[in-house]
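Each chain is listed here by its residues.
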Amino acid sequence: MENLQEFMLLFRMEPSNEEPTAEQLQEMGQQWGTFIGTIAMQGKLVSTHQLGFEGVQVNHDHQTQDGFVIANQQMIAGNMVLKAESIEVATEWAKKCPILFMGGTVEVRNVMPMN
């Protein structure tokens, strides 16, 4: 039996005010469907989420600020948790992510259970 670990892929991209065309949205949807579907068909998909554009930041002193963090000119656009044999295998999956074709990046992190 395979010894699988969980890894989170964090999808980052530059915020943009440009609306994609209907054609671009359809193509992106197909690319994401293929990417996620391929992982799911192998039984290695745990979860995936696309993040919206509404957010609130809560600071250590409980002060709040509307919006989300943009670091290095990128925001987190979504995430995926998958099962893989190693971080190297998870990274190979990340290299196939459609966000890379949109100029974004993928960060691969191991997931540690909270005790």
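Whatever comes next refers back to the structure up there.
Let us look at the structure shown here. Fair warning: this is a prediction, and the values are worked out from it, not measured in the lab. (Residues numbered from 1 in each chain as written. Predicted model: local features only at pLDDT ≥ 70, side-chain atom pairs only at ≥ 80, totals over all residues. Heavy atoms only, no water.)

Considerations on the nonpolar core
Consideration 1: One finds Leu9, Phe11, Phe35, Leu82 and Val106 to be the most contacted residues of the largest nonpolar core, which totals 18 residues.
Consideration 2: Taken together, the elements giving at least two residues each to this core come down to strand 1 (5-13), helix 1 (22-41), strand 5 (75-84), helix 2 (87-94) and strand 6 (105-110).
Consideration 3: Dropping the residues within four chain positions of it, Phe35 is found in contact with Leu9, Phe11, Met80, Trp93, Lys96, Cys97 and Pro98. (Core = buried A, V, L, I, M, F, W, Y, C linked by side-chain atoms within 4.5 Å. Buried < 20%, exposed > 50% of the residue type's maximum accessible area, 1.4 Å probe, protein only. Helix = DSSP H or I, 4+ residues; strand = E, 2+ residues; numbered from the N terminus. Contact = heavy atoms within 4.5 Å.)

Some details on the layout of surface pockets
Consideration 1: Quantified by volume, the largest pocket comes out at close to 880 Å³.
Consideration 2: Along the wall of the largest pocket there are 31 residues; nearest its centre are Met13, Met28, Gln50, Phe53 and Met102.
Consideration 3: Among the secondary structure elements, those contributing two or more residues to the lining of the largest pocket are strand 1, helix 1, strand 2 (45-50) and strand 5.
Consideration 4: Broken down by element, the lining of the largest pocket gets its largest block of residues, six residues, from helix 1.
Consideration 5: Class assignment for the residues of the lining of the largest pocket results in 16 nonpolar, 12 polar and three charged. (1 Å grid on protein atoms, 1.4 Å probe; cavity = no way out; pocket = protein on both sides within 12 Å on 5 of 7 lines; lining within 4 Å. Points joined across faces, edges and corners; volume = space filled by probe spheres on them. Nonpolar A, V, L, I, M, F, W, Y, C, P; charged D, E, K, R; others polar.)

Let's talk about helix 1
Helical geometry note: an α-helix holds 3.6 residues per turn, so side chains three or four residues apart project in the same direction.
Consideration 1: Spanning 20 residues, helix 1 covers 28 Å between terminal C-alpha atoms, matching the ideal 28 Å at 1.5 Å per step.
Consideration 2: Close packing links the buried residues of helix 1 with strand 1, strand 2, strand 5 and helix 2.
Consideration 3: After helix 1 finishes, the residue Gly43 shows a positive phi value of roughly 75°. (Expected span 1.5 Å × (residues − 1).)

Remarks on the pattern of salt bridges
Should the charged atoms of two oppositely charged side chains come close, the side chains can pair.
Consideration 1: Taken as a whole and assessed by the stated rule, the structure comprises four salt bridges.
Consideration 2: With a shortest N-O distance of 2.6 Å, Arg12 and Glu107 are connected by a salt bridge. Within this pair, whereas Arg12 is found in strand 1, its partner Glu107 is found in strand 6, the two being separated by 95 residues in sequence.
Consideration 3: Its salt-bridge partner being Glu92, residue Lys95 comes within 3.1 Å of it at the nearest N-O pair.
Consideration 4: One salt-bridge network, in which partners are shared between bridges, spans Arg12, Glu107 and Arg109. (Salt bridge = Lys/Arg side-chain N within 4 Å of Asp/Glu carboxyl O.)

Structural notes on the packing of aromatic side chains
Consideration 1: As enumerated under the stated definition, the model contains two aromatic pairs in all.
Consideration 2: Pairing Phe11 with Trp32 gives two aromatic rings, centres 5.1 Å apart and planes at 70°, and the pair type is edge-to-face. Separated by 21 residues along the polypeptide, Phe11 in strand 1 and Trp32 in helix 1 bring together distant segments of the chain. By the burial criterion, Phe11 is buried, and Trp32 matches it. (Phe/Tyr/Trp six-rings, centres within 6.5 Å; stacked < 30°, edge-to-face > 60°.)

Observations concerning unusual backbone geometry
Consideration 1: For Asn72, which is not a glycine, the phi torsion comes out positive at approximately 50°.
Consideration 2: Looking at Asn72, the relative accessible area reads 74%, which means it is exposed.

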